[in-house]
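Structure at a glance
Okay, here's what each chain looks like letter by letter:
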Amino acid sequence: MTNADTPIDDTADDPRWAQVVARDKSADGTLWYSVATTGIYCRPSCPSRTANPRNVTLHDTLESARATGCRPCRRCNPEGASQDAGNAALVEQACRLIEASDEPPSLDDLAAAVELSPGYFHRLFKAQTGLTPKAYASAHRARKVRDTLAAGGRVTDAIYDAGFNSNGRFYEQSGAMLGMTPGRYRNGGADEVLHFAVAQCFLGAILVASSDKGVASILLGDDPEDLVRDLQDRFPRAELVGADAGYERTVARVVGFVEAPDIGLDLPLDVRGTAFQQRVWQALREIPAGETVTYAEVARRIGSPSATRAVAGACAANRIAIAIPCHRVIRNDGSLSGYRWGVERKRRLIELEGGA
């Protein structure tokens, strides 16, 4: 029975009762329950001991729960924002403070600003964002650098606008931050040489491109020309070198790996992304062929169990298909979610690897 209060005798058979038993936070705001023996009403995620369903009535509206004459639970505060929503608001406040500061605020200052202890705040921030406050500040500075350089700004301006107080500290981090020198990044990858080639595999067209550091892109699609345009859009002023017989042997190794994943891919990768993205991508590379995991499980593996959406975003941002196997990540219910190169390709890859 849904969209109505449940008669007391039917509570245990109502599918919504399972959400209460599981303390399902996703049901907060859509479901409430009142307990006749205690005279209180709660949200589904309430941490209190689970009541006997014979004493419970489920409600689809807060007004209905109030009408029972019960009082709101003091532990879960069903009248206000959930604890998760409150925590998210505090982390959002801290993020805005970081972004508005010329110098990254200290952990103690951030914790004091949101009225939490430093230790608890640090754990909460990492659980919500997938990054520590320090790493978030570094990622924000990196975004400011990229934005300034992409707009054609001077490297010196990018350094000081992002809060670096010395050229030396900036250049120590610029390679990991940008994947190339600041001057090259500002000029759209000018002076960077990328070798690339297009081939065919059982998934359709495949483009492989490498810098002097390693494989920088593996792209899949139906139209080889679309893949080349995608590469050009990412590196608009880089020198793209195709039709190189030596490099086509590298592409042949990648195609062989795609079609027989158990052989592995012994090639260096030029992985370019934020600190959080790189943590996710490393976790993906540790998933064996033939296995799948959920986005939530990946979030747990990187130590950020609340960052499931951010993990999904990192998977979507991956441009090195197969070698960074984002196709091995599925939804909690076992279904296939979106895939940058098409859900059908994801399905075929999982089926192939399942028989590897």
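Residues numbered from 1 in each chain as written. Predicted model: local features only at pLDDT ≥ 70, side-chain atom pairs only at ≥ 80, totals over all residues. Heavy atoms only, no water.

Where an unreviewed UniProt entry is consulted, the chain appears under the name Regulatory protein ada (Regulatory protein of adaptative response), with the organism given as Novosphingobium resinovorum.

Let us now look at the packing of aromatic side chains. Under the criterion given, the structure shown has three aromatic pairs. Ring centres 5.5 Å apart and planes at 70° place the aromatic pair Y339 and W341 in the edge-to-face group. Among the aromatic residues, ring-to-ring pairing joins F121, F125 and Y136 into one connected group. (Phe/Tyr/Trp six-rings, centres within 6.5 Å; stacked < 30°, edge-to-face > 60°.)

Within this structure, the stated rule accounts for two cavities of 30 Å³ or more. The space that makes up the second largest cavity amounts to roughly 40 Å³. As for the second largest cavity, its lining consists of V20, R23, Y33, P44, C46, S48, R49, T50 and A51. Tallied by class, the residues present in the lining of the second largest cavity amount to five nonpolar, two polar and two charged. (1 Å grid on protein atoms, 1.4 Å probe; cavity = no way out; pocket = protein on both sides within 12 Å on 5 of 7 lines; lining within 4 Å. Points joined across faces, edges and corners; volume = space filled by probe spheres on them. Nonpolar A, V, L, I, M, F, W, Y, C, P; charged D, E, K, R; others polar.)

Turning our attention to the nonpolar core. Membership of the largest hydrophobic core comes to 65 residues, with the highest contact counts inside it found for I206, I218, V280, L284, V311 and I322. Once residues within four sequence positions are removed from consideration, L284 is found in contact with V298, C315, I324, P325, C326 and V329. With 13 residues, the next largest nonpolar core counts C42, C46, A51 and L58 among its residues. (Core = buried A, V, L, I, M, F, W, Y, C linked by side-chain atoms within 4.5 Å. Buried < 20%, exposed > 50% of the residue type's maximum accessible area, 1.4 Å probe, protein only. Contact = heavy atoms within 4.5 Å.)

Within the secondary structure, R328 is located in the loop between α14 (308–317) and β10 (329–330). Residue classification places R328 among the buried residues on the basis of a relative accessible area of 6%. Residues contacting R328, with those up to four places away along its chain left out, are I287, P288, A289, E291, T292, V293 and E353. (Helix = DSSP H or I, 4+ residues; strand = E, 2+ residues; numbered from the N terminus.)

Before going further, it helps to spend a moment on the sheet that holds strand β4 (residues 71–72). Taken in spatial order, the four strands make up an open sheet running β3-β1-β2-β4, and their pairing is mixed. The sheet is open, and its two edges are formed by β3 (56–59) and β4, each paired on a single side. With three bridges joining them, strand β1 (residues 32–35) and strand β2 (residues 40–42) adopt antiparallel strand pairing. Looking at β2, one finds that V35 is bridged to I40. (Pairing = 2+ DSSP bridges.)

Turning our eyes to something else, we now look at the confidence of the model for the chain. Chain-level pLDDT for the chain is 81 on average; 82% of the residues reach the 70-or-more range. Per-element confidence in the chain ranges from a low mean pLDDT of 48 for helix α8 (residues 167–178) to a high of 96 for β2. Every residue in residues 165–172 scores below 50 in pLDDT, and together they form 16 contacts with partners more than four places removed in sequence or on other chains. (pLDDT = per-residue confidence, 0-100.)

Read across the open sheet, the four strands follow the order β7-β6-β5-β8; overall the sheet is mixed. Lying at the two open borders of the sheet, with one neighbouring strand each, are β7 (215–221) and β8 (239–241). With strand direction ignored, the average angle separating the axes of adjacent strands in the sheet is 25°. Direction of pairing for strand β5 (residues 193–201) relative to strand β6 (residues 204–210): antiparallel, over a ladder of seven bridges. Following the sheet pairing, A197 is matched in β6 by V208. Running at roughly 45° to β5, helix α11 (residues 245–259) makes contact with β5, β6 and β7 of the sheet. (Axes fitted to C-alpha atoms, helices over the stretch in contact; angles between N-to-C directions.)

Where helix α3 (residues 83–100) meets helix α5 (residues 118–129), the axes come as close as 10 Å, and the angle between the chain directions of the two elements is 95°. Our classification of the angle between α3 and α5 gives roughly perpendicular. Contacts between α3 and α5 pair Q83, D84, N87, A88, V91, A94, C95 and I98 from the former with Y120, F121, L124, F125, Q128 and T129 from the latter. Residues belonging to the contact of α3 with α5 are distributed by class as follows: nine nonpolar, four polar and one charged. (Parallel < 35°, antiparallel > 145°, perpendicular 65-115°, else oblique.)

With seven of seven residues buried, β7 lies mostly within the body of the structure. Here six bridges tie β6 to β7, and the two strands are oriented antiparallel to one another. Bridge pairing in β7 links V208 to I218. Connecting β6 to the next strand, β7, in antiparallel fashion are four residues, including G214 with a positive phi near 150°.

On to the UniProt feature "active site" (unreviewed entry) in the chain, then. The feature "active site" (unreviewed entry), as given by UniProt, occupies C42 and C326 in the numbering adopted here. Summarising the element assignment, C42 is placed in strand β2. Apart from the residues within four sequence positions on either side, C42 is in contact with W32, Y33, C73, C76 and P78. Note on C326: relative accessible area 4%, which makes it buried. Residue contacts for C326: discarding those within four places in its chain leaves L284, C315, N318, Y339, W341 and K346. (UniProt positions renumbered as here; feature names shortened; annotations may be inferred.)

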